[in-house]
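# Notes for the structure review
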Amino acid sequence: MKMTRQPIVIAALLILVSSLLSASPGTPQSQPQRQGMGLVYDSLDAILKDLQTYDYSAGVGALMRLHAYVFIHKDDPQSRKETEAALLKFVQGSPAPGGMMAACRALRLIGGPDSVPVLAALVLKPETTDPARFALERIPGGEAGQALLAALDKTQGDIRRGIVFSLGERKSPASVPALARLVGGKDPVIAADAIKALGKTGGPEAVRALGEELGRSRPALKAEAVSALLLAAERAVKAGDRNAAVIVYDRVFRTADSPVARQAAFRGLLTRAADGDIRIIETLSGKDAVLYAPALAAVPDYFGASDIGRVADLMDRLPEESRVQLTALLAKYPAETVRPYLLAAAESPSLNVRLAALRSIAEAGDGKSVVFLATKAARTTGAEQDAAREALARLKGLDVDAAVLEHLTKTADDAVKAELVQAASVRRVAGAKPALMDLVKAGSPALKTRAAAALRSIAGQADIPGLLDLLGGLDDETAREAMEDTVASVARTNPRELARAGEVGARLTAEKDAKKRTDLLRVLGKIGDDSSLSLVRAAQADRDPAIVDAAVRALADWPTIAARDDVLNVARTSLVLNHRVLAMRAYVRMIGLEPYRSPEGAAADLLKALALAPRLEEKKLVLGLLARFPCVTALKTAESLLSDPAVAAEAKLAADRIRRALK
Amino acid sequence: MSEQRTKMDRRQFLKAAAVTGAAAVAGFPTIVKASALGKNGAVAPSNRIVMAGIGFGMMGPGNMENFLEKPEVQWVAVCDLDKEPLAMAKGMVDKKYGNKSCATYHDFRELFLRQDLDAVSIAVPDHWHAILAISALRAGLDVYGEKPLTHNLREGRALCDAVKRYGRVWQTGSWQRSVENFHQAAELVRNGRIGKIKGIEVGLPSGHYDFAGTFGQEALVPPPPNLDYEFWVGPAPWWPYCKARVHMNWRWNMDFGGGQYMDWIGHHLDIAHWGMGWDETGPVEIEATGEFPTSGIYNSPTRYYVKAKYADGTPMVLAGGHDEIWSGTKWIGEYGWIWVDRGQFETEPAGLKRETIGPEEIRLYKSRDHHQNFLDCVRSRGKTIAPAETAHRSASVGHLGVIAMEVGRKIKWDPATEAILGDPEAERLLGHSYRKPWQLPE
């Protein structure tokens, strides 16, 4: 469907405006159809003729043509006036509702005083009242507002409601007396609408009328009046009349039944109040729990670093939810000021308070928070541990890095040390490198692993020889794996892709120790420097099965497609099932690395893989990838497996996807 | 009073609705519930956050699924105008809890009468965003709401004001802020890693996408019995029912949505603002061109090019369907560029993307779970990572672009007063008119 649409190029319309106007000065209605740049410009007559009976069934064509016509003609005063006149004539000719709405939308944009009398008549009729008032709502000047006001007395029911809505949208003080009369009237529906309109309009007269409603015993309307008064008070604040707003807020605060409204009024009273600090302390010391939340929310406006303690001292008397809120807002204050409160909150019996405290320490804390957080992270689990670790990562200031470094070497607690290792890594504390290397050499097995991993984010190219030395000295399998990853990760930061494995390759060539050679081969696989592939290939012919195993694993890990034929060869020829599985999975992965190659070529490779698949799992893997390369070969391959119950479901999914893509 | 409210049945509700008009029908809750108190009240504080959802046609189920995974959430009700997605949503909740307790609602006003709710997740067509959201805020609920924040600028300001007035927590569904690569890119920009920003390019999708598989089903037919179509159209100008107009594809009609442009502005433009520290401001100038369909049932731009300028002189281009503008957000600075998109993050120089933020540098708000961030803020009463004002400012660039397309000239905008300067015609387009009985509750 998208393809069949002819776009209106508005930019092009702009270019054509001058030629169109010059071709038809003064008489847009008689303008002939024009074509140019694939666009059709009707005369307004033709457009309106279509809109006369417009019932939406023919799509947006006629509407968009009018839209374009108005767009072209609105900026020339004469042409705009003539377009407006034609639209006014049209709306008086009883068009279909769709046409009426389209024309009134146009008048909403370009209508002026001339439109008002016509629309004023239409607003009185049920079938045209909405489009007419939509236009009247937006036409500037007093005439449109007066027309709506005049219509109030001539209408009832739904039509009148719409007019009240539109008066509310115009927000004209001139409407207030009439709206106020409606508030006092007997029709509760209209009264509610008028209350809303008065709230939107604001001003002393509107407030007075709304205030009177508070004294009446109509609960539903009282709630509306409260809402409208809150709105009117905000308007007064924005207009710079805080005193007027305070009177309103105070009245609402005293008379509203709803906690939500009382909170809103209290919030208003606290805004820029001279005695805000006193009110907050009184409120938090009092028993009206409804007001704790707005009082706490206003704390940063009234309490600085020097006196936040006055609020924080109230912590223990507050309920849990308020303690969470207060603890959270302490994040805005300097560490020295709020540290005791946050440390106490971090030991609260309530998990929510503890979490809030840790999050606040993340923002407000400093170097002195480091040991506390590391200990917390070491002694807790779940969300609390996550929050403590996150805080360690986010603490601001150079003193934090210095503290991490200092305690990393000082602390004797391995669990705390492990957290500091992680913090040094996340924060990339460059000075921590020697300490981390020492831990790799002499730490507990868990610390060795963690330190080896941490070096990944801190070490640079120049550290690779040192890291390889460390790797050679590691006995623990997990730590070795972490160090292999670290060496590879650091090597991969070399922007020269074919020089990444230089040091590792050189060591492999010189190394005689089988265990160290296997380590280096695995590192080569993780680096994936294609220039070192020959070393891995050569290792496949080694007599030591451990070396061969390491070479196969290196090929299977290879991150580029350069090793594709190698893994295919292993999948074809290896006598070791594990190797065939690893190689096959790598082969399929490598096919997926080239999403933009010809689908037929990729599908042919996948077909090869399918034929060699050592197990059911690899067949499913192939079928999973097949749909990414939709072509006849792929489809036939998937369909050929539909009868194999072991993979029929995967084959069907793939075939369906390929068929859809080929449509 | 609270007893009366608690016992209000559907008939009483409808009677009240008739009196008070439309949105936020029953005014304010009149009993002291946990959320209204900021959970400070005499009632025993529960550790659960009681939630409901409105709208399950597109983003609603996914959002609800995310919330249902959180142990602190108790989902108690679902609301939709279509019985089919409503039943599906109830099924999801009931399956999660192993019971049949999830309540269903047709009318959001009735849902908001519940006294046990703390928060609501709203994922409805754009033309309903403001009315539902402001009604929820007025009912004392915290809100997780989908982007774009609202359907026009006036609604956006009204919604932001209501969030402040009622002291509620708001999270917009601009979830890219909670994803690492976007956070990292914005943080690098904010810390001046590419120097002074000389320009920003924001690439958004073009055309219309058939989310529902209903393209071509344009025949005007009676609405299906499961859908309350009259209510669905609600405040928007009337358009008769056809299948391609509603679920998931409503976005291509400007009376219900804003096309690709407004759908995505709350993502990539939002990220652009984040990097620049423009969360509470907007452009000072904007001009735009768009290409619109001339047939079919949709009227939103299929291709567009929007140029904005900010107070410090920084230019920004937003475009859909212009290949020279990469999808995502690209900041171009004195010393290089940073580009980020979903699953993509590239910089020039290339090493820049591996840099971390130093201990003395600016740290942007960090979240790695958008829904959890909302829940955390419901508890702390703090600001979420995508609060209403921020979402409004992102959407405002979109709304201004639409107005600039409509008037065909450059618009001058004062982001402080949110007024269009010296262009009364453009000013007329700041808000929409509403079909009875709906109006913006403000």
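What comes next is a walk through the structure. (Residues numbered from 1 in each chain as written. Chains lettered and ligands numbered in written order. Predicted model: local features only at pLDDT ≥ 70, side-chain atom pairs only at ≥ 80, totals over all residues. Heavy atoms only, no water.)

For the structure shown, the criterion picks out 8 cavities of 30 Å³ or more. In this structure, the largest cavity occupies an estimated 1100 Å³ of space. Along its surface, the largest cavity is lined by 49 residues, and H67(A), R105(A), M254(B), D255(B) and E406(B) are the ones closest to its centre. Listing elements by their share of the lining of the largest cavity, those giving two or more residues are helix 3 (61-73), helix 5 (97-110) and helix 7 (129-138) of chain A together with helix 6 (126-138), helix 7 (153-166) and helix 12 (388-407) of chain B. Counting residues per element, the lining of the largest cavity draws most heavily on helix 5 of chain A, at 8 residues. Classifying every residue of the lining of the largest cavity by side-chain character gives 29 nonpolar, 13 polar and 7 charged. (1 Å grid on protein atoms, 1.4 Å probe; cavity = no way out; pocket = protein on both sides within 12 Å on 5 of 7 lines; lining within 4 Å. Points joined across faces, edges and corners; volume = space filled by probe spheres on them. Helix = DSSP H or I, 4+ residues; strand = E, 2+ residues; numbered from the N terminus. Nonpolar A, V, L, I, M, F, W, Y, C, P; charged D, E, K, R; others polar.)

Before going further, it helps to examine the pairing of strand 2 (residues 73-79) of chain B. All names here are of chain B. Burial within strand 2 is extensive, with 6 of its 7 residues counted as buried. Both strand 1 (residues 49-54) and strand 2 contribute to a ladder of 6 bridges, which runs parallel. Residue pairing for strand 2: A52 is matched across the bridge by A77. Tracing the backbone out of strand 1, into helix 3 (residues 59-68) and back to the parallel element strand 2 gives a crossover that is right-handed. Bridge analysis of strand 2 against strand 3 (residues 103-105) gives 3 bridges, and the strand direction is parallel. Its bridge partner lying in strand 3, C79 is registered against Y105. (Buried < 20%, exposed > 50% of the residue type's maximum accessible area, 1.4 Å probe, protein only. Pairing = 2+ DSSP bridges. Right-handed = clockwise from strand over helix to strand, strands pointing away.)

This brings us to unusual backbone geometry. Going from E348(B) to P349(B), the amide bond is cis rather than trans, its omega being 5°. Along the polypeptide, P349(B) turns up in the loop between strand 13 (344-348) and helix 11 (370-380).

Picture a little ball the size of a water molecule; that probe, rolled over the atoms, points out where space is still empty. The space that makes up the second largest pocket amounts to roughly 950 Å³. What lines the second largest pocket is a set of 32 residues, among which E169(A), K171(A), R154(B), E418(B) and L430(B) lie closest to the centre. Elements represented by at least two residues in the lining of the second largest pocket include exactly helix 7, helix 9 (157-170) and helix 13 (219-238) of chain A together with helix 7, strand 15 (419-421) and helix 13 (424-427) of chain B. Counting residues per element, the lining of the second largest pocket draws most heavily on helix 7 of chain B, at 6 residues. Tallied by class, residues from the lining of the second largest pocket come to 12 nonpolar, 3 polar and 17 charged.

This next bit is on the interface of chain A and chain B. At the junction of the two partners, chain A supplies 94 residues and chain B supplies 90 residues. Carbon and sulfur atoms supply 52% of the area buried between chain A and chain B, which totals about 7700 Å² over both sides. Counting across the interface, chain A meets chain B through 14 salt bridges. Between D255(B) and R105(A) there is a salt bridge, with the nearest N and O atoms lying 2.5 Å from each other. (Contact = heavy atoms within 4.5 Å. Buried area = accessible area lost by both parts, 1.4 Å probe. Salt bridge = Lys/Arg side-chain N within 4 Å of Asp/Glu carboxyl O.)

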